[in-house]
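# Per-entry structural report
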Amino acid sequence: TLPVMTVFLYGFFLWMEKQTLKRFLFTVSCLGVLYHFEIAFALPLTIAAFLLFVAVAGKKFFPRRALLFAVVIVVWLSPLILFDVRHNFITSTSLVRLVSGKTQGLGDTFEPFLKINRDHLYRFETLLWSSFVDQKQPVSRPLTIGFAAIIIWFLWKGNKQLRVISTIPPLLYGAYMLYP
């Protein structure tokens, strides 16, 4: 997964320098290849990459490039879709059952999808604050938030590559909130 992710970022930076069709197809194809290694990482990264393409290209991204983005992803997903069709939609059925709360995920209990997501967010926030913030100091949380805001402001004023790299983690985190 990591080598494909690295090649994707390299392709994205090349595309940012010169927005050619060849570089665009290469970069989106890296996302498609990623689905064959790790679906749980590829889907949020695809959402984040789509938003990054839109942010960098602006109005030029719609409708042709957005449609091409979807077509390239579907082409790379076609073997997985054919596998699902051939095996009586086993993957689709398990996903629907997981989201609807009719089956268990990797845990040992039957929990609704929204409860799994709520617990996931709560655990993340608890671990974040307990790791980086002294809970006994009343001013520590605002200082941490202010410090993070200053870092983000400097990153946004930096070069394009630094801005893209600093944008990927929040986009991925937002997309991962949808995952159980």
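The coordinates are above.
Let me sum up the structure you'll find in this document. Everything numeric in this text was worked out from a predicted model, so none of it was measured.

### Topic: unusual backbone geometry
Between Phe62 and the following residue, Pro63, the backbone shows a cis peptide bond with an omega angle of -10°. For Asn88, which is not a glycine, the phi torsion comes out positive at approximately 55°. For Asn88, the position within the fold is in the loop between α4 (64-86) and α5 (90-100). Accessibility expressed as a relative area gives 68% for Asn88, which makes it exposed.

### Concerning helix α1 (residues 2-17)
When the terminal C-alpha atoms of α1 are compared, their 23 Å separation across 16 residues agrees well with the 22 Å that a helix rising 1.5 Å per residue should span. Turning to α1, its buried residues number three or more, namely Val4, Met5, Phe8, Gly11, Phe12, Phe13, Trp15 and Met16.

### Concerning the side chain of Thr27
If you trace the backbone, Thr27 turns up in helix α2 (residues 21-34). A polar atom in the side chain of Thr27 sits 3.0 Å from the backbone oxygen of Gly11. Look past the residues within four positions of Thr27 in its chain and what remains in contact with it is Phe8, Gly11, Phe12, Trp15 and Phe53.

### Things to note about the nonpolar core
Of all hydrophobic cores here, the largest spans 30 residues; its most connected members are Phe12, Leu45, Phe53 and Phe69. Secondary-structure elements contributing two or more residues to this core are α1, α2, α3 (39-57), α4 and α8 (160-176). The leading source of residues in this core is α3, at 8 residues. Each residue touching Phe12, except ones within four places of it in the same chain, is listed here: Thr27, Leu52, Phe53, Val56 and Val164.

### Things to note about the packing of aromatic side chains
Under the definition given, this model contains 14 aromatic pairs. For the ring pair Phe61 and Phe69, a centre distance of 6.5 Å and an interplane angle of 65° mean the geometry is edge-to-face. Taken together, Phe8, Phe12, Trp15, Phe24, Phe50, Phe53, Phe61, Phe62 and Phe69 form an aromatic cluster joined through their ring pairs.

### Notes on the packing of α1 against α3
Between α1 and α3, whose axes approach to 12 Å, the crossing angle comes to 10°. Classified by the angle between their axes, α1 and α3 sit roughly parallel to one another. The residues of α3 that touch α1, namely those facing Met5, Phe8, Phe12, Trp15 and Met16, are Phe41, Leu45, Ala49, Leu52, Phe53, Val56 and Ala57. Across the contact of α1 with α3, the residue classes break down as 12 nonpolar, no polar and no charged.

### Quick look at α4
Because each turn of an α-helix spans 3.6 residues, side chains separated by three or four positions in sequence point in the same direction. Between its terminal C-alpha atoms α4 stretches 32 Å, which fits the 33 Å expected from 23 residues at 1.5 Å a residue. Residues of α4 that are buried: Ala66, Phe69, Val72, Ile73, Leu77 and Asp84. Among the residues trailing α4, Asn88 stands out with phi positive, at a value near 55°.

### Focus on a nonpolar patch on the surface
A surface patch of nonpolar side chains, about 370 Å² in accessible area, is lined by Leu67, Val71, Val75 and Trp76. When you line up the elements, Val71 lands in helix α4. With relative accessibility at 42%, the residue Val71 sits in the partly exposed group.

What counts, and where the lines are drawn
- Residues numbered from 1 in each chain as written.
- Predicted model: local features only at pLDDT ≥ 70, side-chain atom pairs only at ≥ 80, totals over all residues.
- Heavy atoms only, no water.
- Helix = DSSP H or I, 4+ residues; strand = E, 2+ residues; numbered from the N terminus.
- Buried < 20%, exposed > 50% of the residue type's maximum accessible area, 1.4 Å probe, protein only.
- Expected span 1.5 Å × (residues − 1).
- Polar contact = N/O pair within 3.5 Å; in protein donor to acceptor, adjacent residues only side chain to side chain.
- Contact = heavy atoms within 4.5 Å.
- Core = buried A, V, L, I, M, F, W, Y, C linked by side-chain atoms within 4.5 Å.
- Phe/Tyr/Trp six-rings, centres within 6.5 Å; stacked < 30°, edge-to-face > 60°.
- Axes fitted to C-alpha atoms, helices over the stretch in contact; angles between N-to-C directions.
- Parallel < 35°, antiparallel > 145°, perpendicular 65-115°, else oblique.
- Nonpolar A, V, L, I, M, F, W, Y, C, P; charged D, E, K, R; others polar.
- Patch = residues over 30% accessible without salt bridge, like charges linked within 9 Å, V, L, I, M, F, W, Y side chains within 5 Å.
- Areas by Shrake-Rupley, 256 points an atom, 1.4 Å probe, with all protein chains shown as cover.
- Salt bridge = Lys/Arg side-chain N within 4 Å of Asp/Glu carboxyl O.

Fair warning: the whole summary comes from geometry, so function is off the table for now.
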